[in-house]
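# Descriptive analysis of the structure
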Amino acid sequence: MAPKKNIVIVGGAGGAGLARALSPSLDASKHTLTLINDRAFYIHYPAMLRVNVTSDGHLEDRAWVPLDKIFAPGKVGKVKIGTVTKVVDGAVELESGETVPYDFLVLATGSKWEGFLDYPIDRSEAVKLVNSWRQKFANAGEVVIVGGGSVGIETAGEIADFYPSTTVHIVHAQPLLLNDTYPAKVRKAIASQLESKGVKLHLGDLVTEIPATESGTVVTKKGVRLSADLFIPARGPRPNTAYLKSFDPTILAESGGVKVHPTLQVPLANGKTNVFALGDIIEWNEQKMLFKTAAHTAVILPNLLSALNGGKPTKEYKTGAEPIIVTIGRKGGYGYLPFLWGISLGSWVSSTMKSKGLFIDKTRESFGY
Ligand SMILES: Cc1cc2nc3c(=O)[nH]c(=O)nc-3n(C[C@H](O)[C@H](O)[C@H](O)COP(=O)(O)OP(=O)(O)OC[C@H]3O[C@@H](n4cnc5c(N)ncnc54)[C@H](O)[C@@H]3O)c2cc1C
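Let me sum up the structure you'll find in this document. Quantities reported herein were computed from a predicted structural model and do not represent experimental measurements.

Scoring rules and cut-offs
- Residues numbered from 1 in each chain as written.
- Predicted model: local features only at pLDDT ≥ 70, side-chain atom pairs only at ≥ 80, totals over all residues.
- Heavy atoms only, no water.
- Near = heavy atom within 4 Å.
- Polar contact = N/O pair within 3.5 Å; in protein donor to acceptor, adjacent residues only side chain to side chain.
- Areas by Shrake-Rupley, 256 points an atom, 1.4 Å probe, with all protein chains shown as cover.
- Helix = DSSP H or I, 4+ residues; strand = E, 2+ residues; numbered from the N terminus.
- Nonpolar A, V, L, I, M, F, W, Y, C, P; charged D, E, K, R; others polar.
- 1 Å grid on protein atoms, 1.4 Å probe; cavity = no way out; pocket = protein on both sides within 12 Å on 5 of 7 lines; lining within 4 Å.
- Points joined across faces, edges and corners; volume = space filled by probe spheres on them.
- Salt bridge = Lys/Arg side-chain N within 4 Å of Asp/Glu carboxyl O.
- Buried < 20%, exposed > 50% of the residue type's maximum accessible area, 1.4 Å probe, protein only.
- Pairing = 2+ DSSP bridges.
- Axes fitted to C-alpha atoms, helices over the stretch in contact; angles between N-to-C directions.
- Contact = heavy atoms within 4.5 Å.

The next subject is the site of the ligand. Close to the ligand lie 30 residues; Gly14, Asn37, Asp38, Asp280 and Lys354 are nearest. Within the contact set of the ligand, an oxygen atom lies 3.2 Å away from a backbone nitrogen or oxygen of Ser111. Contacts to the ligand include Lys354, whose side-chain N or O atom sits 2.6 Å from an oxygen atom. Compared with its free state, where it exposes 990 Å², the ligand has 92% of that area covered by protein. The element contributing the most residues to the shell around the ligand is helix H7 (residues 290-308), with 3 residues. Here the residues of the shell around the ligand are counted per class, giving 13 nonpolar, 12 polar and 5 charged.

Here it is, written out as structure tokens:
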């Protein structure tokens, strides 16, 4: 009998979605499937800004979803909790010293965020971090958020909602919030909703160095003096790919992202085609969003199944439309769907779709809860 083919997926957010989708198509007599994640739970980032700002509803209890129900009973697949520190041809190595062999490998290790989004792996340590930030937000009279992308915008919205007497500033290098992916009318509408809640915007300006103490005074590039009890970095993440350097440095772009072919296979220097990548780590010109991981999965799934059966992967990934909904507290928000003439969603629709529930119920369902 032919030896079993081992499939290993590293990273349990988008990677978990792929694992769940792949498992029913596998045959226990022919395949093994191992999903490796460093923490025992999935962090649902769209809820994390509210989680960090307030204990209201203790959303972390539901938005940190355990990875123990990924695979249906009796189906192929197991979850291994551990940090991958190294990849070699045919195996991944864990911090514990364990080696897990693979015939096919999927890399889905996502993003490394800083500051209040840099959650420890251990759940009780992560709770401590969250509690300490909640205390900082409760005590702060003035907060400066550095970065006016969706993380900066949503953080400002949560603070304005839960601590309306706190003065919030956003400093953003571009002349409008977000980036050029989105039409100016969308970026302006979000700005005016924030301003109506008292948020002060410093657009086209820069804070070059955030005080290490988290509080203090900075002078922006334009010469504006800002004093804050709390500086919040919201400058965007780095790809979580340091563990790949010794494997094959040619697959890493300057940004740290993993280069991929449109089939989402990684172009290895040794010519092998058995490594795929998905999610935030791929070097691909698109906005990094959770729903993109499902679109990547829709490409990798048939390609991986085809490769498992000795075929050639043919399905290619193309970035689709770039919709967005940003929350501005529980009752506010703004959305844009780039279909037809471009559909804008005001506060009521955006908050009904996203701000109230933050997609937590749907996410739990997709993790087997
Ligand atoms: C605050 C915030 C709000 C957001 N809101 C939205 C939103 O509203 N809508 C939206 O579409 N997108 C949103 N995003 C973006 C979205 O969360 C990401 O695009 C998505 O999480 C990417 O999924 P991923 O699987 O690529 O990576 P990640 O979610 O980063 O998951 C990577 C996984 O790999 C694990 N891992 C990392 N390194 C290792 C290792 N060496 N060994 C083992 N495991 C490892 C991590 O623990 C993690 O579980 C938000 C992001 C943030 C930070």
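So, on to empty space enclosed by the protein. Using the criterion set out here, one finds 1 cavity of 30 Å³ or more in the structure. The volume enclosed by the largest cavity comes to roughly 30 Å³. Every residue along the wall of the largest cavity is listed here: Pro46, Ala47, Leu49, Arg50, Glu154, Glu158, Thr327 and Leu358. Of all elements in the fold, only helix H2 (48-53) and helix H5 (150-162) reach the threshold of two or more residues within the lining of the largest cavity. Per-class residue counts for the lining of the largest cavity are 4 nonpolar, 1 polar and 3 charged.

Going through the model one piece at a time under the given rule, you end up with 14 salt bridges. Residue Lys80 pairs with Glu98 through a salt bridge whose shortest N-O separation is 2.7 Å. Of this pair, Lys80 sits in strand S5 (residues 78-81) while Glu98 is found in the loop between strand S7 (91-94) and strand S8 (99-101), placing the two residues 18 residues apart along the sequence. Of the charged contacts, one joins Arg235 and Glu114 as a salt bridge, the two residues approaching to 2.9 Å between their closest N and O atoms. Of the two residues, Arg235 sits in the loop between strand S16 (230-233) and strand S17 (238-239) while Glu114 sits in the loop between strand S10 (111-112) and helix H4 (123-139), which places them 121 residues apart along the sequence. According to the relative accessible area criterion, Arg235 is partly exposed, its value standing at 45%. Residue Glu114 is classed as partly exposed on the basis of its relative accessible area, which comes to 30%. Look at the salt bridges and you will find they share partners, linking Asp56, Asp161 and Arg330 into a network.

Before going further, it helps to examine the sheet that holds strand S21 (residues 343-345). Across the sheet, 3 strands lie side by side as S19-S20-S21; this open sheet has antiparallel pairing. Looking at the sheet topology across the chains shown, the edges are occupied by strand S19 (324-328) and S21. Each strand of the sheet is rotated relative to its neighbour by a mean of 10°, with strand direction disregarded. Where S19 and strand S20 (residues 332-337) come together, 5 bridges link them in antiparallel fashion. Counted as the bridge partner of Ile325 is Gly335 from S20. Sheet contacts for helix H8 (residues 347-355): S19, S20 and S21; angle to S20, the most-contacted strand, approximately 90°.

Function cannot be read off these values alone, since they describe shape.
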